[in-house]
Structures are given as structure tokens and as C-alpha cells.
Amino acid sequence: MDFTFSEEQQAAAEAAAGVFADVAPDGVPSPADITGAVADDFDRALWARLADADLLSLLLDEAYGGAGLDAIALCLVLRESAKVLARVPLLESSAAAATVQAYGGEELRSALLARAGRGDLVLTVAAHGRSGHDPAELAVTARRDGDRWVLDGVQTAVPWAHTADLVVVPAHTDADRTVLALVAPDREGVVLAEQISTTGERLAELRLESVPIARVDVIDADGAWEWLRDLLTAGTCALSLGLGTAVLRMTGEYTSRREQFGFPVATFQAVAVQAADRYIDLRAMEATLWQAAWRIASGAQGALPAAADLAVAKIWAAEGVRRVVQTAQHLHGGFGADTEYPLHRYHAWAKHLELSLGPAAAHEEALGDLLAAHPLG
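Here the residue numbering is sequential within each chain, running from 1 through the sequence in written order. Thresholds applied to this predicted model are a pLDDT of at least 70 for local features of residues and 80 or more for the giving and counting of side-chain atom pairs; totals over whole chains, interfaces and linings are not thresholded and use all residues. As a rule here, side-chain values come from all non-hydrogen atoms in the structure, and water together with hydrogens is ignored.

In this section: the packing of helix H6 (residues 224-257) against helix H8 (residues 306-332). Two numbers describe how H6 lies on H8: the axes approach to 9 Å, and their chain directions differ by 25°. In this view, H6 runs roughly parallel relative to H8, as classed from their interaxial angle. Where H6 crosses over H8, the two elements pack in a sense that is left-handed. For the contact of H6 with H8, a count of residues per class yields 15 nonpolar, seven polar and two charged. For helices, the fitted axis covers only the stretch in contact; all axes are lines through C-alpha atoms, and the angles between them, taken along N-to-C directions, range from 0 to 180 degrees. Only DSSP runs of H or I with at least four residues qualify as helices, and only runs of E with at least two residues qualify as strands; both kinds are numbered from the N terminus onward. By definition in this entry, angles of less than 35 degrees are roughly parallel, angles greater than 145 are roughly antiparallel, angles of 65 to 115 are roughly perpendicular, and the rest are oblique. Two helices cross in a left-handed way if the nearer one is turned anticlockwise from the farther one by less than a right angle. They cross in a right-handed way if the turn is clockwise. Side-chain classes are defined by residue name, with Ala, Val, Leu, Ile, Met, Phe, Trp, Tyr, Cys and Pro counting as nonpolar, Asp, Glu, Lys and Arg as charged, and the others, Gly among them, as polar.

As a further point, take the environment of Ala114. Relative to the helices and strands, Ala114 resides in helix H5 (residues 106-118). Along the backbone, Ala114 and Trp349 are 235 residues apart, and their C-alpha atoms lie at a distance of 31 Å.

Summary of the burial criterion: residues with accessible area below 20% of their type's maximum are buried, those above 50% are exposed, and those between are partly exposed, where the area comes from a 1.4 Å probe applied to protein chains only. Strand S4 (residues 166-172) sits mainly inside the fold: six of its seven residues count as buried. Relative to S4, strand S1 (residues 123-125) runs parallel, the two sharing three bridges. In the strand pairing of S4, Val125 is matched with Val168. A pair of strands is labelled paired if DSSP reports no fewer than 2 bridges between them. Between S4 and strand S5 (residues 178-183), which follow one another and run antiparallel, lie five residues, and Asp176 among them has a positive phi close to 60°.

Let us look at the pairing of strand S2 (residues 140-145). Alignment of S2 against strand S3 (residues 148-159), held across six bridges, turns out to be antiparallel. In the strand pairing of S3, Thr141 is matched with Asp152. Joining the antiparallel neighbours S2 and S3 is a turn of two residues, in which Gly146 adopts a positive phi near 70°.

A few words now on the packing of aromatic side chains. Side-chain rings of Phe, Tyr and Trp, where Trp is taken by its six-membered ring, are said to pair if the distance between their centres is within 6.5 Å; with planes under 30 degrees apart they count as stacked, over 60 as edge-to-face, and otherwise as tilted. Inspection of the entire model under this criterion finds four aromatic pairs. Judged by centre distance (6.0 Å) and plane angle (90°), the rings of Phe42 and Trp160 are edge-to-face. You can see Phe42 sitting in the loop between helix H1 (7-20) and helix H2 (44-52) and its partner Trp160 sitting in the loop between S3 and S4, a full 118 residues away along the chain. Residues Phe42 and Trp160 agree in their burial class; the two are buried. An aromatic cluster is present here, built from Phe42, Trp47 and Trp160 joined pairwise through their rings. The ring of Tyr279 carries Arg283 above its face, with NZ or CZ at 4.8 Å from the centroid. Placement of a positive charge over a ring is assigned whenever Lys NZ or Arg CZ falls within 6 Å of the ring centre and within 35 degrees of the normal to the ring plane.

Okay, structure coming up:
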């Protein structure tokens, strides 16, 4: 398989690196120093710069002001964002807009996509279900009531819900189908309860109590939720890869400066072997990510469904990013826990990414089910 990126994809990554170059990972208070959220809103100034660089419309067609790129380009940009812990809903808004474009009606696309690409409309996704362990599409019910839908249920850990304009909510119907409803957080019958992530960012428990949604704001096309979930999973793996890359670089720089017995600790065999193991983790995370993103972008068929490649990528991302930050903490010694040094922030973000959309064990179980249903050989 050829993992060479196209000129357009490379240009997106370079533009992202330029935008994120001035972002400091400690631009808000440390989650270790306060009991509430680190900030009430995401980084609006950075969001505006991303819009000016046309990075919010990567996946949108030219008709909506976009570049018409694919999941690989988005993952390249997300990888750069995670290196600096960028506090923006780039993954959620981009994935939601791409899903509206691919599966939504023309009226919905016309109303939302150009505004989302300009950054004027912020989208997020309720993808964690009622508890974070059950399927998100089963946490909310959707029933038809004349020319509208009515939603009831609870979604937990919804990112950016307090500041987004619309939340994409998967819901199941009496016919055992999944629809996607676009819900305004301030709509009657919607209740948001504040939750705080390990990163210190605001999440929300989203309660829906007989919330009416116009038919135009509901996507009922087959496969829409599965495609959105896969794109979110690939994006989470890209964020894990970017974070792990930054942490390993930080560890290399520190161990090259830190001396014991008159020598940099990086020259000690035990230190070098641990760092080398984490480098191997990152390369595995990278290979499985691009395989999964390529399956999404190309729609290529394989011996197993694309969901299997997504599961493998998420297993490596969850386990790999955890091992990278744990080794970094170990090799930094007590300095790694200093709240004036950014490593502890990366550790907190890594834990959030490890568990987002399911930990490794959940995806190992899903992969086992896929292998049982599609025996190889």
C-alpha cells in the first residue's frame, strides 16, 4: 500500500502546522490546579485563524466553499492540532459537517455547510451513549409525530455542547434504525448538566425530554451514523498520534539535557530502550491510522469491513498513547508532575483520548466479533 500523501494533503498539513505554531499547550489554567473547568469556551481566536486558513472546510465540496479533501487530510490536520493540545472542536465540527454533506438533504446542506466551513456555525456530536460504554445510538429514542421527530434520552460526555450551535445526536427508532438529529442546545426540552473531562474541558450530559425536531433537521439515510462514528474514531486516533509524537519529542529533549554521573540520561541503555519501545508504538499507531483513514476515504473493500481497520487503529492508539505518556512521566522523574511544565497536561489529554469512543478492550471485543463473522482463510 502506498501511504504517500497527495500534494493537497501535504499542503493541508503544512497550513495546519503554521496555524498551530503559535499555540501554547498551557494557555489555560492547569486542570490540576482548579476544581472546575479550565475555561468556559474553546479557543475562539484559534478557531478564527483555522477558518481564515480554510482548515474548517477541508472535507466540504467547492460548492460550499471547501477544498473537497478526505479523511486523510483531516487526520493530518488533527495530528498537528494535538501536538499543542489545541482547544477547538475541529474533529467534531468537521466530521459532523462532512456527514451532513454526505447523507443530509439539500435543504439541510444549504443551511449549514457554508456557515460551518467559515467557522460561523459550530457543530459537535453526542457519541458516547448514556454511560460511555453502551452504544451511543441506543441512548436516545426517536419517534415520528406527524411531520416531525420527537427525541427522548440521555447522552453523556458531549464535548463542547455548552458552546456549540448544534449537537448531532444519534437515536434509534421503533423500526430498529438509527437516525441523526441536529439539536440546538438551547431548544425547549434540552437540559445540559456540566461534566468535566480529565483535560479540564467542559463536557455535558445531554438530556432530551420530548424534544421536537423538524424533519429537515434529521438525517435518516442508512449508514450515516456508522460513517460519522468511523470518522470520529479515525480522528481520535490522529489526535492520539499527534499527542504521542509531541510527548516523545519532549522526552528526548529532556533526557538529552538531564545529566547523571556526568552523562546525559539519554545515553543510558535503560532509558534508550524505553524510548525506542515508545517510538515503535508511535510507528504502529501511525501505520494503523493511515490504513483506517484510507479505508474511509477510498471506500475500498477488503477481507474484513473497514470497521476492523478502525478497531485495530483505536486499539493501538489507546494502548500506545497511554504507554508513551507513562514512559515520559517515568523518564522525567518528579519534574513530569510539575504543573508549571506541560507534560502533565499531555498526560491528562492522553487519558481522555484513550477512553474516547471506547478503550482498547472494547475495540478488541468488536474486532473479535468481526473476525467471527468474517472468517479469514
